[in-house]
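Structural description and commentary
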Amino acid sequence: MKTLFFTLQNRRSLHTTRLVYGLEGMKYIIQIYEGEINGHGEKEGLPTEYQYEFEQEMLKHIHELSNDLREKVWIQ
């Protein structure tokens with residue numbers, strides 16, 4: 001499994017998005033974890049998961065997600 005990590009600085013906290021993707025069993029998956037780091041500690045929610053039958057479909061979605069986050073000024 002591979003991981004991409006994005007951050008966005010807010011006034012008092014750091015928002016995080018972690019994309020974990022790869023082959024798991026017989027399916028290609030993407031898991032998206034969203035979290036926050038602030039003065040009270042770190043927290044991360046449950047993942048949103050997408051499943052694909054073909055690697056090319058998964059890679060295309062990863063590319064679209066990472067481009068979208070970069071357009072919104074997230075830092076990789």
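Please refer to the structure higher up on the page.
Figured I'd write up the structure that's included with this text. (Residues numbered from 1 in each chain as written. Predicted model: local features only at pLDDT ≥ 70, side-chain atom pairs only at ≥ 80, totals over all residues. Heavy atoms only, no water.)

In terms of helices and strands, the chain carries one helix and five strands. In the chain, the order of α-helices and β-strands from amino to carboxyl end is β-β-β-β-β-α. A total of 76 residues make up the chain; the buried ones form 34% of that total. Pairs at least 24 apart in sequence give 34% of the contacts found in the chain among residues at least 6 apart. Of the roughly 5700 Å² of accessible surface on the chain, a fraction of 50% belongs to carbon and sulfur atoms. One way to put it: in the chain the 9 positive side-chain charges average out to a point 7 Å from where the 12 negative ones average out. (Helix = DSSP H or I, 4+ residues; strand = E, 2+ residues; numbered from the N terminus. Buried < 20%, exposed > 50% of the residue type's maximum accessible area, 1.4 Å probe, protein only. Contact = heavy atoms within 4.5 Å. Areas by Shrake-Rupley, 256 points an atom, 1.4 Å probe, with all protein chains shown as cover. Lys, Arg positive; Asp, Glu negative; His and termini not counted. Charge placed at Lys NZ, Arg CZ, Asp CG, Glu CD.)

Right, let's talk about the pattern of salt bridges for a bit. Working definition: two side chains of opposite charge can pair if their charged atoms are close together. Going through the model one piece at a time under the given rule, you end up with three salt bridges. Between R18 and E44 there is a salt bridge, with the nearest N and O atoms lying 2.7 Å from each other. In this pair, R18 sits in strand β2 (residues 14-24) while E44 sits in strand β4 (residues 41-44), placing the two residues 26 residues apart along the sequence. Residue E44 is classed as partly exposed on the basis of its relative accessible area of 41%. K43 is the partner of E36 in a salt bridge, and the nearest nitrogen-oxygen pair spans 3.9 Å. (Salt bridge = Lys/Arg side-chain N within 4 Å of Asp/Glu carboxyl O.)

In an α-helix there are 3.6 residues to a turn, and that puts residues three or four apart on one side. Over its 17 residues, helix α1 (residues 55-71) extends 24 Å from the first C-alpha to the last, a length consistent with the 24 Å expected when each residue adds 1.5 Å. Within α1 the residues assigned to the buried category are M58, H61, I62, L65, S66 and L69. The buried side chains of α1 occupy one side of the element, clustering within an arc of 130 degrees when seen end-on. Pointing more than 90 degrees away from the buried face of α1 are the exposed residues Q56, K60 and E71. (Expected span 1.5 Å × (residues − 1). Arc of directions from axis to C-beta.)

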